[in-house]
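What follows is each chain in one-letter form.
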Amino acid sequence: MAINLSLLLSVLLLSLSLSVVFAADPSTLLDFCVTAPISQGSPVCKDPKHVDANDFFFSGLHTAGNTTNPAGSKVTPVFASQLPGLNTLGISLARIDIAPWGVNPPHSHPRATEILTVLEGTLEVGFITSNPENRHFTKVLQKGDVFVFPIGLIHYQRNIGYGNVVAIAALSSQNPGAITIGNAVFGATPEISNEVLVKAFQMDRTVINYLQSKF
Ligand SMILES: *[C@@H]1O[C@H](CO)[C@@H](O)[C@H](O)[C@H]1NC(C)=O
């Protein structure tokens, strides 16, 4: 009897944990829903009779992004806006180029987990967990290494080698979105008031003004 009870309990706990652990993307209702070009109006599915292979195709990731900018990095997205066939499929891709000692600044994707692989170079990566722990996970990646940034968490990449970094990131949304922390906080339009930023960051007004001028 005691054995049966504990067995029952473990089965119950198992099924409970299973229902908690497993979640899935919503399933699509159609084979695909290629969006008409944005210029043609609302994001309705293109008539399948007019869909062809080019709707599922993108060319250009062989070309390095231009990293001549203050961060020294460039992300080339292949999201639904670049590849209309991605619409409703919950997946997308980006090429990341980073010049030596350049960074892809701290940012988060509100709608996607990101899995990244390094094709070239040496890349320091990291992400930070939510409050109150704000635990920092960081790792140095070499060619062929893979790292995952969980959905919504702030993360960054930095080229710590002497050559260029080329990485490919896959994202679990057709439109992952990106919130770059510096730009969002110090470059908002209209700007966040000095009073808020001075208190929030415990910094002098002149420092806040300087940061706002940079973004
Ligand atoms: C790269 O970007 C910089 C800065 O915007 C620009 O001056 C330069 O011409 C660009 N290089 C190429 C190859 O497009």
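Below is a short write-up of the structure. (Residues numbered from 1 in each chain as written. Predicted model: local features only at pLDDT ≥ 70, side-chain atom pairs only at ≥ 80, totals over all residues. Heavy atoms only, no water.)

### A look at the nonpolar core
Here is step 1: Of all hydrophobic cores here, the largest spans 14 residues; its most connected members are I96, L116, L123, V125, L141, F147 and F149.
Here is step 2: At the level of elements, β2 (92-98), β4 (114-120), β5 (123-128), β7 (146-149) and β9 (165-171) are the ones that each hand at least two residues to this core.
Here is step 3: In this structure, L61, V78, A80 and I168 belong to the second largest nonpolar core, which totals 6 residues. (Core = buried A, V, L, I, M, F, W, Y, C linked by side-chain atoms within 4.5 Å. Buried < 20%, exposed > 50% of the residue type's maximum accessible area, 1.4 Å probe, protein only. Helix = DSSP H or I, 4+ residues; strand = E, 2+ residues; numbered from the N terminus.)

### Digging into unusual backbone geometry
Here is step 1: With an omega of 0 degrees, the peptide bond between N131 and P132 qualifies as cis.
Here is step 2: Within the secondary structure, P132 sits in the loop between β5 and β6 (136-141).
Here is step 3: The step from T189 to P190 runs through a cis peptide bond, and the omega angle for that step is -10 degrees.
Here is step 4: Relative to the helices and strands, P190 is located in the loop between α2 (181-186) and α3 (194-201).

### A look at the packing of aromatic side chains
Here is step 1: Following the criterion strictly, the structure yields 7 aromatic pairs and no others.
Here is step 2: On the numbers, 5.3 Å between centres and 45 degrees between planes, the contact of F186 with F201 is tilted. Of the two residues, F186 sits in helix α2 while F201 sits in helix α3, which places them 15 residues apart along the sequence.
Here is step 3: Under the relative-accessibility criterion, F186 is labelled buried at 11%.
Here is step 4: Residue F201 is classed as partly exposed on the basis of its relative accessible area of 37%.
Here is step 5: One aromatic cluster in this structure is built from F127, F137, F147 and F149. (Phe/Tyr/Trp six-rings, centres within 6.5 Å; stacked < 30°, edge-to-face > 60°.)

### Points about the environment of K214
Here is step 1: Structurally, the position occupied by K214 is in helix α4 (residues 205-214).
Here is step 2: Between the C-alpha atoms of K214 and F186, which are 28 residues apart in sequence, the distance is 8.1 Å.

### Considering the state of the cysteines
Here is step 1: What the rule picks out here adds up to 1 disulfide.
Here is step 2: Between the sulfur atoms of C33 and its disulfide partner C45 the distance amounts to 2.0 Å. Between C33 and C45, the disulfide has an S-S torsion of -100 degrees and is therefore left-handed. Residue C33 is found in the loop between α1 (2-21) and β1 (73-78), and its partner C45 is found in the loop between α1 and β1; the two are separated by 12 residues along the sequence.
Here is step 3: Overall, C33 belongs to the buried group, its relative accessible area being 6%. (Disulfide = S-S within 2.5 Å.)

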